[in-house]
2 protein chains.
Amino acid sequence: MTTVAFIGLGAMGRPMAANLARAQFSVRAFDVVAAARDSLLALAPQATSCVSAEDAARGADALVLMVVNADQAEAALFGAGALDALAPGASVILMATCAPKRVEDIAARVAAAGRRFIDAPVSGGVAGAQQAGLTIMVGADDAAFAAAEPLLKAMGDKVFRVGDRPGQGAAVKTVNQLLCGVHIAVAAEGLALAEKAGIDGELFLKVLGGSAAGSWMLNNRGPRMAAADPPVASAVDIFVKDLGIVLDAGRAQKAATPLAAAALQMFLAASANGFGAMDDSQVVRVYRALNGQSKDA
Amino acid sequence: MTTVAFIGLGAMGRPMAANLARAQFSVRAFDVVAAARDSLLALAPQATSCVSAEDAARGADALVLMVVNADQAEAALFGAGALDALAPGASVILMATCAPKRVEDIAARVAAAGRRFIDAPVSGGVAGAQQAGLTIMVGADDAAFAAAEPLLKAMGDKVFRVGDRPGQGAAVKTVNQLLCGVHIAVAAEGLALAEKAGIDGELFLKVLGGSAAGSWMLNNRGPRMAAADPPVASAVDIFVKDLGIVLDAGRAQKAATPLAAAALQMFLAASANGFGAMDDSQVVRVYRALNGQSKDA
């Protein structure tokens, strides 16, 4: 049985690891938060909880990293010794959202240590993770992709190999976040302008949601913009981070991203005003403040 | 039978006037382009072609303006004498895309002349016009809306009364164009960034089109961005005009529209580079030029 070390048991990592365990992989899991390890065992009793990243990785055929960012991935691989603990020729599958340049650097160090590397960020959120319905954007050479494909298909139903080089999966994920972040900010910009003209917010969303002006984000975040204090599905500060990665990628590649740059300013302002932990739809409060309206609509 | 004067027989106006004629309204139509009048008669022989705006309006119960902009609407109503030619108490239905403030000004002059005014811009394009499937965003008082509703329902199947004041329909249409323009520009920004990372454009659209990064415009304009020289569905210069209206509306209402402002710069640059009459998807050429890539991908 293929042994898979799984590091990073957050809200998405837990159901992803559980799906691997249910698919008959032998899963050895670690998270720095002990409660996250316990939660995984409640979800998938067939998984093994480990005491460190190195412990999880020891002799494993593959290592999945579903940590928060590139710093955490490097800490687990190089700092905590997970890379050297893996079986020779094992596969390292990086699924966290990282800047493409960081992914290239990590990939080079993994290759130098004699392991395969698969750049495989995801989209689809917690719901997609739970249903094994994630979109996975893969940048990897033929042999690495072939080795990882059975694992990836146990976690996602839309596995796209977007390129043969590490960093290309991250590039597509970066553009995904560029579009998502700008679509949220522009939905807020439009709603705030409509409110200023005395247009009812719910009617506005009904008229435009199904038109050529529609976006997935307008329909998903729009109603939460119109609500006073919506639950947090994804926080404002996630887009401060992710649009930061977009601008980093643009600088690294010499590519202009003027709309992403403008959108980042709005999320930064939201965070500066104390809304960083609120639902990302609440970037609308910055527009309302700019426009001299009550922040709560 | 209700007599309707219809002024402005462009690609959308012709099928709209034809739908009114088929719905048993007596349509008296005028366009400054004689060939457009002939085309309407080929489409709807029961309509009457008139020699001037005043001729079309004489004694009519309603006047529909489907001209290009507010200047043309004012020229027909006030310059060419259509307003004074209408029956007393007739309805003036303005369906062109105009800045909200211009609509308010026209509405006041129409009311002062003893006629009803209905602010009723549309979205849905030529296809929506042909199928009587337009979305119509109405700002009008109760009596004016009641008088116009049978006509509007003969042209659109999604008639939304978004407010009771003229200018509020235009406000929603303005926000519609804000979202459409930014969605086109950001799709180009994302595609150009992906291309720079060596990602295949068609694969990129396949991966993101159905995800949380999706928008109606990404799916509609994206494939035309990837094409070398696509047919013109709507021109770059239309968004130079319409995003200009968005910024005018923001200034008039004191509302910040930073993303629309950034998007307008990209369409302006496209026009400056000689792409103004090309399909609006070709704003991607500006991104490619900025990024040091071939403008044709």
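Residues numbered from 1 in each chain as written. Chains lettered and ligands numbered in written order. Predicted model: local features only at pLDDT ≥ 70, side-chain atom pairs only at ≥ 80, totals over all residues.

### Brief notes about the interface of chain B and chain A
At step 1: On the side of chain A, 54 residues touch chain B, which itself brings 54 residues to the contact.
At step 2: Looking at the side of chain B that touches chain A, the elements with two or more residues in it are β8 (134-139), β9 (156-163), α9 (168-196), α10 (201-209), α11 (216-226), α12 (236-253), α13 (258-275) and α14 (284-290) of chain B.
At step 3: In terms of residues, the side of chain B that touches chain A owes the most to one element, α9 of chain B, which gives 18 residues.
At step 4: Taken together, the residues that form the side of chain B that touches chain A break down as 35 nonpolar, 16 polar and three charged. (Contact = placed C-beta atoms within 7 Å. Helix = DSSP H or I, 4+ residues; strand = E, 2+ residues; numbered from the N terminus. Nonpolar A, V, L, I, M, F, W, Y, C, P; charged D, E, K, R; others polar.)

### Description of the packing of α10 of chain B against α11 of chain B
Residues and elements named next belong to chain B.
At step 1: Running from N to C, α10 and α11 point in directions that differ by 170°, and their axes come no closer than 10 Å. Relative to α11, α10 is oriented roughly antiparallel. Between α10 and α11, the residues in contact are G201, E202, L205, L208 and G209 and L218, N219, G222, P223 and A226, respectively.
At step 2: Across the contact of α10 with α11, the residue classes tally to five nonpolar, four polar and one charged. (Axes fitted to C-alpha atoms, helices over the stretch in contact; angles between N-to-C directions. Parallel < 35°, antiparallel > 145°, perpendicular 65-115°, else oblique.)

### Some details on the nonpolar core
Soluble globular proteins tend to bury their nonpolar side chains together.
At step 1: Grouped together as the largest cluster of nonpolar side chains are 226 residues, with contacts concentrated most on L63 of chain A together with L63 of chain B.
At step 2: Residues contacting L63 of chain B, with those up to four places away along its chain left out, are A5, I7, A57, A82, L86, A90, V92 and I93 of chain B. (Core = buried A, V, L, I, M, F, W, Y, C linked by C-beta atoms within 7 Å. Buried ≥ 20, exposed ≤ 12 C-beta atoms within 10 Å, placed from the backbone.)

### With respect to unusual backbone geometry
A negative phi holds for most residues other than glycine; trans holds for most peptide bonds.
At step 1: The phi torsion at Q24 of chain A lies on the positive side, around 75°, for a residue other than glycine.
At step 2: Position of Q24 of chain A among the secondary structure elements: in the loop between α1 (13-22) and β2 (26-30).
At step 3: Judged by the 12 C-beta atoms lying within 10 Å of it, Q24 of chain A is exposed.
At step 4: Positive phi, normally seen in glycine, also occurs at K254 of chain B, with a value near 55°.
At step 5: In this structure, K254 of chain B sits in the loop between α12 and α13.

### Considering the relation of the copies chain B and chain A
At step 1: Superposing chain B onto chain A requires a rotation of 180° together with a translation of 0.0 Å along the rotation axis, leaving an RMSD of 0.1 Å. Between the two chains, the operation in question is that of a two-fold axis. Considering only C-alpha atoms, the residue of chain B closest to the rotation axis is S215 of chain B, which sits at 1.9 Å.
At step 2: With an isologous cut-off of 70% or more, the 100% of interface residues of chain B that recur at the interface of chain A puts this contact in the isologous class. (Least-squares fit on C-alpha atoms with pLDDT ≥ 70 in both.)

### Here we look at the confidence of the model for chain A
At step 1: Overall, the prediction assigns chain A a mean pLDDT of 96, with 99% of residues at 70 or greater.
At step 2: For this predicted complex, the interface score ipTM comes out at 0.92, alongside a pTM of 0.92. (pLDDT = per-residue confidence, 0-100.)

### Quick word on helix α6 (residues 100-112) of chain B
Residue and element names in this part refer to chain B.
At step 1: With 13 residues, α6 should cover 18 Å at 1.5 Å per step; its first-to-last C-alpha distance of 19 Å lies within 8% of that length.
At step 2: Looking at the packing, one finds that the buried side of α6 touches α4 (70-79), α5 (82-85), β5 (91-94), β6 (116-119), α9 and α12.
At step 3: Just past α6, the residue G114 takes up positive phi, approximately 80°. (Expected span 1.5 Å × (residues − 1).)

### As for the environment of R285 of chain B
All names here are of chain B.
At step 1: Mapping R285 onto the fold places it in helix α14.
At step 2: Classification of R285 by C-beta neighbours within 10 Å gives buried; the count is 24.
At step 3: Along the primary structure R285 and M225 are separated by 60 residues, whereas in three dimensions their C-alpha atoms are 8.5 Å apart.

### Let's talk about the packing of α9 of chain B against α12 of chain B
Residue and element names in this part refer to chain B.
At step 1: For the pair α9 and α12, the least separation of the axes is 9 Å and the interaxial angle reads 125°. Classified by the angle between their axes, α9 and α12 sit oblique to one another. With respect to the hand of their crossing, α9 and α12 are arranged in left-handed fashion. Each of A171, T174, Q177, L178, G181 and I184 in α9 lies in contact with α12, whose residues at this interface are F239, D242, L243, I245, V246 and A249. (Left-handed = near helix turned anticlockwise from the far one by under 90°.)

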